[in-house]
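# Analysis of the macromolecular model
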Amino acid sequence: MKCERDWLFAAFCSSAFAKQGISCLELPLIEHTRGPDLDRLSTVLSDTTFDWIVITSPEASSVFLEAWKAAGTPNVTVGVVGAGTASIFEEVVQSSKRSLNIAFVPSKATGKVLASELPKNGNEKCTVLYPASAKASNEIEEGLSNRGFEVTRLNTYTTESVHHVDQTVLKQALSAPVIAVASPSAIHAWVGLIPESEQWSNSVACIGETTAKAAKKLGLTNVYYPANPGLEGWVGSILEALQANVRL
């Protein structure tokens, strides 16, 4: 399985930020590896038809697409948690001759809202396949099950901290006024790298509320996040954190 890393940013690397004179440092902390149910995914897609496939992260999208192609690209209807996840499907949707249909995005990019808004389309026994991270909570399947959906969850990948971090780069990251994180796994990995002797209290800009809650639970206090999860709101939260640091 292809390993893709979740990234911790000392500041968000984009041309828009560069124009404002904001420099950034990239420190890879998370890698994605095979989950226990990965080998089952293509077989399940070949043998079973679902009313919905629910995808909640870019990595889950990539893993699903590999299995979907291995299964012979069967007709599937997909619900995604937000625009970032949907973007992984764009090229495939254009070339799939409608065998893959992105048919639902919730009003807010969270698992809780997705579970509360996914349409049943008049089908009393609406079936859902949920390929997920082994570390994902049960929020989505519980929310859907409580509404009467029949959910099959497959843990197709998991996340682990990278085994080696460049100490010179880490030292630079520790001095950055803002770190930007896109997942609870990333913030857990970051906190695990902070030396016990380091009184680190700089700002954290999170992609959404779930990551922000994880940061606060770990004892971080200067936490910023957008009301609506996503890249655009994340950029705004990073700018807000940077501006707050300038005022201090």
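Everything numeric here is computed off the predicted structure, so don't read it as measured data.

A count of helices and strands for the protein gives 11 helices and 10 strands. Sorting the 248 residues of the protein into buried and exposed places 46% on the buried side. In the protein, once contacts between residues fewer than 6 apart in sequence are set aside, the share between residues at least 24 apart is 67%. Of the roughly 12,800 Å² of accessible surface on the protein, a fraction of 48% belongs to carbon and sulfur atoms.

For the α-helix, the turn length of 3.6 residues means that residues three or four positions removed from each other point alike. Taken together, the buried positions of helix 7 (residues 139-146) are Ile140, Glu141 and Leu144. Down the axis of helix 7, the sector holding all buried residues measures 95°, keeping them to one side. For helix 7, the secondary structure elements touched by its buried residues are strand 3 (52-55), helix 6 (111-117), strand 6 (127-133) and strand 7 (150-161). Phi turns positive, to about 100°, at Gly148, one or two residues after helix 7.

So, about the packing of aromatic side chains. Tallying each qualifying case throughout the model produces 3 aromatic pairs. Measuring from ring centre to ring centre gives 5.4 Å for Trp190 and Trp200, while their planes differ by 70°; the resulting arrangement is edge-to-face. Taken together, the residues span a long stretch of sequence, with Trp190 in helix 9 (residues 184-193) and Trp200 in the loop between helix 9 and strand 9 (203-206) at a distance of 10 residues. Comparing Trp190 with Trp200, the two get one shared label, buried.

The next thing to look at is the packing of helix 9 against helix 10 (residues 209-217). Relative placement of two packed helices is described by the angle separating their axes and the distance separating the axes. Where helix 9 contacts helix 10, the two axes come as close as 8 Å, and the packing angle between them is 25°. On the basis of the axis angle, helix 9 is roughly parallel to helix 10. Crossing of helix 9 over helix 10 shows right-handed handedness. Between helix 9 and helix 10, the residues in contact are Pro184, Ile187 and His188 and Thr210, Thr211, Ala214 and Ala215, respectively. Residues that form the contact of helix 9 with helix 10 fall into these classes: 4 nonpolar, 3 polar and no charged.

Per the counting criterion, the structure on display carries 5 salt bridges. The partner of Asp39 in a salt bridge is Arg34, with the nearest N and O atoms 2.5 Å apart. We note a salt bridge from Asp37 to Arg40, for which the minimum N-O separation is 3.8 Å. Take Arg40: its relative accessible area is 45%, and that puts it in the partly exposed class.

What follows is about the environment of Gln172. Summarising the element assignment, Gln172 is placed in helix 8 (residues 167-175). Residue class for Gln172 comes out partly exposed when judged on its relative accessible area of 44%. For the pair Gln172 and Leu25, spaced 147 residues apart in sequence, the C-alpha separation works out to 8.1 Å.

Turning to the side chain of Thr85, a few remarks are in order. Mapping Thr85 onto the fold places it in helix 4 (residues 83-87). Non-local contacts of Thr85, meaning those with residues more than four positions away in its chain, are made with Ile55, Thr56, Ser57, Pro58, Ser61 and Val80.

So, how was this worked out
- Residues numbered from 1 in each chain as written.
- Predicted model: local features only at pLDDT ≥ 70, side-chain atom pairs only at ≥ 80, totals over all residues.
- Heavy atoms only, no water.
- Helix = DSSP H or I, 4+ residues; strand = E, 2+ residues; numbered from the N terminus.
- Buried < 20%, exposed > 50% of the residue type's maximum accessible area, 1.4 Å probe, protein only.
- Contact = heavy atoms within 4.5 Å.
- Areas by Shrake-Rupley, 256 points an atom, 1.4 Å probe, with all protein chains shown as cover.
- Arc of directions from axis to C-beta.
- Phe/Tyr/Trp six-rings, centres within 6.5 Å; stacked < 30°, edge-to-face > 60°.
- Axes fitted to C-alpha atoms, helices over the stretch in contact; angles between N-to-C directions.
- Parallel < 35°, antiparallel > 145°, perpendicular 65-115°, else oblique.
- Left-handed = near helix turned anticlockwise from the far one by under 90°.
- Nonpolar A, V, L, I, M, F, W, Y, C, P; charged D, E, K, R; others polar.
- Salt bridge = Lys/Arg side-chain N within 4 Å of Asp/Glu carboxyl O.

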